[in-house]
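Commentary on secondary and tertiary structure
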Amino acid sequence: MNMELTKGFVDFIDDAKLHSLINNTREDPVVYRAILKKSLSKQPLTVEETAALIAVQSPEGLHEIFETARELKRSVYGNRIVLFAPLYIGNYCINDCQYCGFRRSLRSTVRHSLSDQELVNEVRSLEDEGHKRLILVYGEHPKYTPEFIAHTVRMTYATKSGKGEIRRVNINAAPLDIEGYRTVKEAGIGTFQVFQETYHKETYAKYHPGNTQKSNYLWRLNAMDRAFEGGIDDMGIGALFGLYDWRFEVLGLVSHAIHLQTTYGVGPHTISFPRIQPANGMELDLPYRVSDQDFKKLVAILRLAVPYTGLIMTARESRAIRDEVMEFGVSQIDAGTKLEIGGYNKERKGDEQALDEEQFQIGDTRNLDEVIRWLLTRDYIPSFCTACYRVGRTGEHFMEFAIPGFIKRFCTRNALLTLAEYLEDYSSDLTKEEGYKLTERELAKMPDGDEKESLKERLKKIREQGIRDILY
Ligand code: SAM
Ligand code: SF4
């Protein structure tokens with residue numbers, strides 16, 4: 001890693017200001033109602049406005065926040081939920097993050113990196129389940145060079161099984177230098193995710209001890225700035241909730257989003273908000289664990305603060321929490337998740353996990369078909385859509401297109417097309433029945449006209465002629 005590039009860091013997290021906002025902002029109905037009104041007009045919130053929503057504690061105030069978040073989500077994203085699966089490539093790691101089952105000091109972790117053949121087998125299994133979007137996940141290790149990451153991305157795209165193919169590969173890996181980002185970009189990646197873990201510097205130092213690559217807070221904080229320099233305009237940020245005060249982390253995430261938007265004209269494509277889970281050898285005393293109620297509140301506030309940023313809720317959360325929180329702003333979830341290296345080709349019963357090979361424990365162990373059926377019965381459209389990225393609607397362009405009606409016109413129709421592909425090629429009979437019932441309900445909602453007719457025609461091509469990948 002070229003540490004020369006660590007010079008000239010930008011620190012856009014003002015700890016004193018964020019603490020002062022948390023400690024000195026009081027609930028004020030006049031103020032928070034004006035902010036909710038601003039949110040509904042789809043304008044991003046300032047850090048101060050976000051703090052004013054965080055300060056709301058009264059049941060009426062919280063109710064208003066939840067209802068507004070639900071309304072905003074519906075108006076920007078419609079009722080679709082994008083589905084993906086994580087694919088762990090390797091768990092070697094030189095860092096010592098205290099919360100992670102891959103940390104270097106943990107001798108009991110079974111270490112492995114997928115060979116090319118194992119990678120192909122994993123991708124095939126995921127395709128045979130019906131997945132179209134993956135996120136490849138790596139520990140941080142000299143083995144996992146940008147060239148290696150690019151190689152695994154190319155292998156993933158090149159692997160096809162029957163009608164299956166992976167149309168979008170995202171990455172969650174250690175932050176790279178500018179050249180490194182260029183190398184992975186050339187392999188055709190979608191989003192590059194790096195989570196700051198905690199925006200609070202003291203806490204960051206506590207959980208990332210020693211002189212490791214990861215212990216450099218600013219190197220990580222500026223990961224997305226370097227990504228931008230390296231030509232990647234599709235970035236995912238996140239915080240690991242439970243290390244420090246969730247209110248600080250939300251303000252940190254919003255500060256990060258504002259920094260990217262004002263510096264590069266493009267906000268983050270996604271925000272992730274994992275809550276810390278039990279992991280192999282993890283014996284941490286975590287005084288800042290986030291309650292379910294606060295979790296729901298923070299998701300709703302993030303939705304309101306960054307209307308056009310996708311929010312990802314992973315299978316770390318239980319089915320019950322996912323069920324409850326989704327409607328307040330989540331736009332992407334993973335399904336059929338296996339964290340074990342090579343786990344998509346290992347037979348395990350039900351929710352059994354091999355924690356000595358995995359990063360942490362997951363809460364939702366349902367398979368893809370079950371998750372899809374659950375979404376359908378909750379009136380969500382499960383979507384495997386990858387259209388925007390593939391026709392160039394990303395980054396700055398994506399923001400241009402992210403205007404109401406437009407998103408709905410493209411996304412809803414593309415979601416229904418990718419759902420039909422799933423129903424035809426992979427689903428159980430029960431899910432197929434629910435899927436086409438939902439499709440009928442969605443068609444009934446659309447005004448008559450060319451758009452509806454064209455969608456009907458394409459659905460017919462998928463069902464009757466076996467044509468695939470016909471996107472808007
Ligand atoms: N090694 C790279 C890094 O740290 O950036 C790649 C990402 S790591 C494999 C993926 C993410 O998992 C981390 O950024 C962290 O937020 C999260 N994670 C680690 N341990 C966790 C735990 N015990 N519970 C929940 N999430 C965890
Ligand atoms: Fe390594 Fe990432 Fe785990 Fe830290 S979170 S120990 S860097 S895999």
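Attention here is on the structure that accompanies the text. (Residues numbered from 1 in each chain as written. Chains lettered and ligands numbered in written order. Predicted model: local features only at pLDDT ≥ 70, side-chain atom pairs only at ≥ 80, totals over all residues. Heavy atoms only, no water.)

Digging into the site of ligand 2
For ligand 2, the full set of nearby residues is Cys93, Asn95, Cys97, Cys100, Phe102, Arg103, Gly139, Lys214 and Gln359. Its residues placed into classes, the shell around ligand 2 shows four nonpolar, three polar and two charged. (Near = heavy atom within 4 Å. Nonpolar A, V, L, I, M, F, W, Y, C, P; charged D, E, K, R; others polar.)

Some remarks on the site of ligand 1
Around ligand 1 sit 21 residues in total, of which Tyr99, Asn172, Glu197, Lys214 and Arg220 are the nearest. Lysine 214 places a side-chain nitrogen or oxygen 2.8 Å from an oxygen atom of ligand 1. In isolation ligand 1 offers 570 Å² of accessible surface; the protein chains occlude 97% of this area. The class makeup of the residues in the shell around ligand 1 is 11 nonpolar, four polar and six charged. (Polar contact = N/O pair within 3.5 Å; in protein donor to acceptor, adjacent residues only side chain to side chain. Areas by Shrake-Rupley, 256 points an atom, 1.4 Å probe, with all protein chains shown as cover.)

Observations concerning the nonpolar core
If you look at the biggest cluster of nonpolar residues, it comprises 142 residues, and the most contacted ones within it are Leu87, Val153, Phe192, Phe273, Leu298 and Ile333. In this view, leucine 87 contacts Leu114, Leu119, Glu122, Val123, Leu126, Leu134, Ile135, Leu136, Val137 and Tyr344; residues no more than four positions away in its chain are not counted. (Core = buried A, V, L, I, M, F, W, Y, C linked by side-chain atoms within 4.5 Å. Buried < 20%, exposed > 50% of the residue type's maximum accessible area, 1.4 Å probe, protein only. Contact = heavy atoms within 4.5 Å.)

With respect to the pattern of salt bridges
One pass over the full model with this rule turns up 34 salt bridges. Of the charged contacts, one joins arginine 275 and aspartate 292 as a salt bridge, the two residues approaching to 3.0 Å between their closest N and O atoms. In this pair, arginine 275 is assigned in the loop between strand 6 (270-272) and helix 12 (292-305) and aspartate 292 in helix 12, connecting sequence segments 17 residues apart. We note a salt bridge from lysine 452 to aspartate 448, for which the minimum N-O separation is 3.1 Å. A single salt-bridge network, built from bridges that share partners, covers Lys160, Glu165, Arg167, Arg390, Glu421 and Asp469. (Salt bridge = Lys/Arg side-chain N within 4 Å of Asp/Glu carboxyl O. Helix = DSSP H or I, 4+ residues; strand = E, 2+ residues; numbered from the N terminus.)

Quick notes on the packing of aromatic side chains
Counted by the stated rule, this structure contains 13 aromatic pairs. Centre to centre, the rings of tyrosine 144 and phenylalanine 148 are 5.6 Å apart; their planes meet at 35°, and the pair counts as tilted. By relative accessible area, phenylalanine 148 is classed as partly exposed at 21%. By way of ring pairs, the aromatic residues Tyr138, Tyr144 and Phe148 are connected into one cluster. Arginine 275 extends its terminal NZ or CZ atom over the ring of phenylalanine 295, reaching a point 4.2 Å from the ring centre. We note arginine 413 situated over the ring of tyrosine 472; from NZ or CZ to the ring centre the distance is 3.6 Å. (Phe/Tyr/Trp six-rings, centres within 6.5 Å; stacked < 30°, edge-to-face > 60°. Lys NZ or Arg CZ within 6 Å of the ring centre and 35° of its normal.)

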